[in-house]
Amino acid sequence: MAYAKTSIGRGCCKVSKKQKRISKLASFCFVLTEILVLAAILILPATDVVEIKKWPQMIIIIILSIHVLMQLWELKVFVKPDSGEKFSLTVQGSHERKKSRHRRTMYGVTVSDEVRVDYDRNSEGILVYFRKVTSSSNTGPYCQPFLLPFRGRFTFFHVLIALTLMICTIIIYIKYDDYNRLQDYKKLLAESHSEATQTVPPEKPEVDGVDNFDAAMYGELLDAFAHNVDNPFSNFGEQISDGPALDVDREAFEPVSELGTHPLVLPILLCVSLILQLTAVVSSYYQAEDCGFCLPLFCIGYTRWFKHTNAYTEMIQQNIQEKHGQHLQQEGEQLELAIRRNTQQTQGNDVTYHNVGPQTAKRYEDQIDLLHLLMAQEHDRACKEVFPEHSIQNKGVSFILTAEEIETLNIHAEQAMETADVNNDDTATELVPNSTVTV
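Residues numbered from 1 in each chain as written. Predicted model: local features only at pLDDT ≥ 70, side-chain atom pairs only at ≥ 80, totals over all residues. Heavy atoms only, no water.

## Description of the sheet that holds strand S6 (residues 291–295)
Right, so step 1: One open sheet accounts for three strands, arranged S1-S7-S6; its pairing is mixed. Each end of this open sheet is capped by a strand with a single partner; those strands are strand S1 (3–9) and S6. Here the average twist between neighbouring strands, direction ignored, is 10°.
Right, so step 2: Relative to strand S7 (residues 300–306), S1 runs parallel, the two sharing seven bridges. Counted as the bridge partner of threonine 6 is threonine 303 from S7. (Pairing = 2+ DSSP bridges. Helix = DSSP H or I, 4+ residues; strand = E, 2+ residues; numbered from the N terminus. Axes fitted to C-alpha atoms, helices over the stretch in contact; angles between N-to-C directions.)

## Examining helix H8 (residues 265–287)
Right, so step 1: Its 23 residues place the ends of H8 33 Å apart at the C-alpha level, agreeing with the 33 Å of an ideal helix rising 1.5 Å per residue.
Right, so step 2: Those residues of H8 that fall on the buried side of the exposure criterion are Leu266, Pro267, Leu270, Ser273, Leu274, Leu276, Gln277, Ala280, Val281, Ser283, Ser284 and Gln287. (Expected span 1.5 Å × (residues − 1). Buried < 20%, exposed > 50% of the residue type's maximum accessible area, 1.4 Å probe, protein only.)

## Observations regarding the packing of aromatic side chains
Right, so step 1: Scanning the entire structure with this criterion turns up five aromatic pairs.
Right, so step 2: An angle of 75° between the planes, with centres 5.2 Å apart, marks the rings of tyrosine 119 and tyrosine 364 as edge-to-face. Here tyrosine 364 lies in helix H10 (residues 358–386) and tyrosine 119 lies in strand S4 (residues 109–121), a separation of 245 residues in the sequence. Of the two residues, tyrosine 119 and tyrosine 364, neither departs from the other in class, the shared state being buried.
Right, so step 3: Residues phenylalanine 150 and phenylalanine 154 carry aromatic rings whose centres are separated by 5.3 Å and whose planes lie at 85° to one another, so their mutual orientation is edge-to-face.
Right, so step 4: Aromatic ring contacts, followed pair by pair, group Trp73, Phe150 and Phe154 into a single cluster.
Right, so step 5: Residue placement shows lysine 76 over the ring face of tryptophan 73; its charged tip is 4.9 Å from the ring centre.
Right, so step 6: It is lysine 307 that lies over the ring of tyrosine 129; its NZ or CZ is 5.6 Å from the centre. (Phe/Tyr/Trp six-rings, centres within 6.5 Å; stacked < 30°, edge-to-face > 60°. Lys NZ or Arg CZ within 6 Å of the ring centre and 35° of its normal.)

## Some details on the environment of serine 27
Right, so step 1: Position of serine 27 among the secondary structure elements: in helix H1 (residues 17–43).
Right, so step 2: Spatially, the C-alpha atoms of serine 27 and glutamine 287 are 9.3 Å apart, while their sequence positions differ by 260 residues.
Right, so step 3: Ignoring anything within four residues of it in the chain, the contact list for serine 27 reads Ala280, Ser283 and Gln287. (Contact = heavy atoms within 4.5 Å.)

## Structural notes on the pattern of salt bridges
Right, so step 1: Inspection of every chain in the model, using the stated rule, returns 13 salt bridges.
Right, so step 2: Salt-bridge contacts for arginine 97 lead to glutamate 365; the nearest nitrogen and oxygen are separated by 3.8 Å. With arginine 97 in strand S3 (residues 95–106) and glutamate 365 in helix H10, this pair connects stretches of sequence that are 268 residues apart.
Right, so step 3: Accessibility expressed as a relative area gives 37% for arginine 97, which makes it partly exposed.
Right, so step 4: Residue classification places glutamate 365 among the partly exposed residues on the basis of a relative accessible area of 34%.
Right, so step 5: Arginine 116 is paired through a salt bridge with aspartate 118; the nearest N and O atoms lie 3.3 Å apart.
Right, so step 6: Aspartate 118 sits in the partly exposed class, given a relative accessible area of 24%.
Right, so step 7: One connected set of salt bridges, linked through shared partners, spans Lys323, Glu378, Arg381 and Glu385. (Salt bridge = Lys/Arg side-chain N within 4 Å of Asp/Glu carboxyl O.)

Right, here's the structure in full:
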């Protein structure tokens, strides 16, 4: 079963710039603490506190390497961002058209085929935003994750690390539980030593997980304990040659006896690292922009292109709303009413189509064309104020801008909005009449 999807949005959590900065700081602190905890786990075997097998050590080393690489890349982006990265300025209308197809087959024969064209109402309304420009516009949804920036895969890496730590924690806890069973078993044999040396054979003890236990073997088994108390099952066949066999799974007990003097330390540290990783996943998702993942083995892929907004997009959107806001709001309400009335179902070539009529579809396209025209006018005016070379060349301004140009326009918009706020405050102060006191 294959699944691939590409979407444009902000994710489930809408956060402000301040919240994103806090999320980045929290993610860095959590990941740094997790790196220290995992490094402590690797150091513990040298102190004989905990014995760790090779496979958990290799997994922890891989996790540490991924964390260090991601943090170094985040530091590189923070210190020296890519100024040549390109974005496209666009606008969304009151509705978004989504086309989907659902085909059902049985024994290689198409049973049903349905094509739907839905017009969903945008919760954000009319929105001006930047979208990252990819190297190829004809890439299918299965290959879209390969067009993402390197940071776009960090959220998926954090999720994989969290799942890996969870599985390792469960396995280590099971080993620790087996270790406790072994300790209880050794304690029970030690208590039975006095009874095993009596002339009257003692009653058969009840040992969890051990069957066919004969009392005549107590003396020989306890002699084996005297030679090797820490691991009573080493050289077991050499020390006990006669008598019925003890039905004990040696392979199940041998590895748990290597957990060290304080085996509880390892599960605790893994639980702490798992909790830190889960918080890093949440904070990473909050600050994620263009992100996605791809699992070629399972033919699964997902890509989300982020709607990048800043002061410049807010200024253009505000200018459009001030000049044409009432007309655009009425047009959006009338389009919503037309979509509800004119949604119809047609049949052709054994395919069921769900779509609106041609007039409603044309009305939706006219709204998008009008919004792009209004946005082009405001964008052209702002760019000619900031970049004088555009006025000299006397040609239209491109919607595709580099990150450096966007930053320049953003600074210009912030200054313009601050000046407008100051002028509004001064105007409001002048309109307030001076208060007089009448005696």
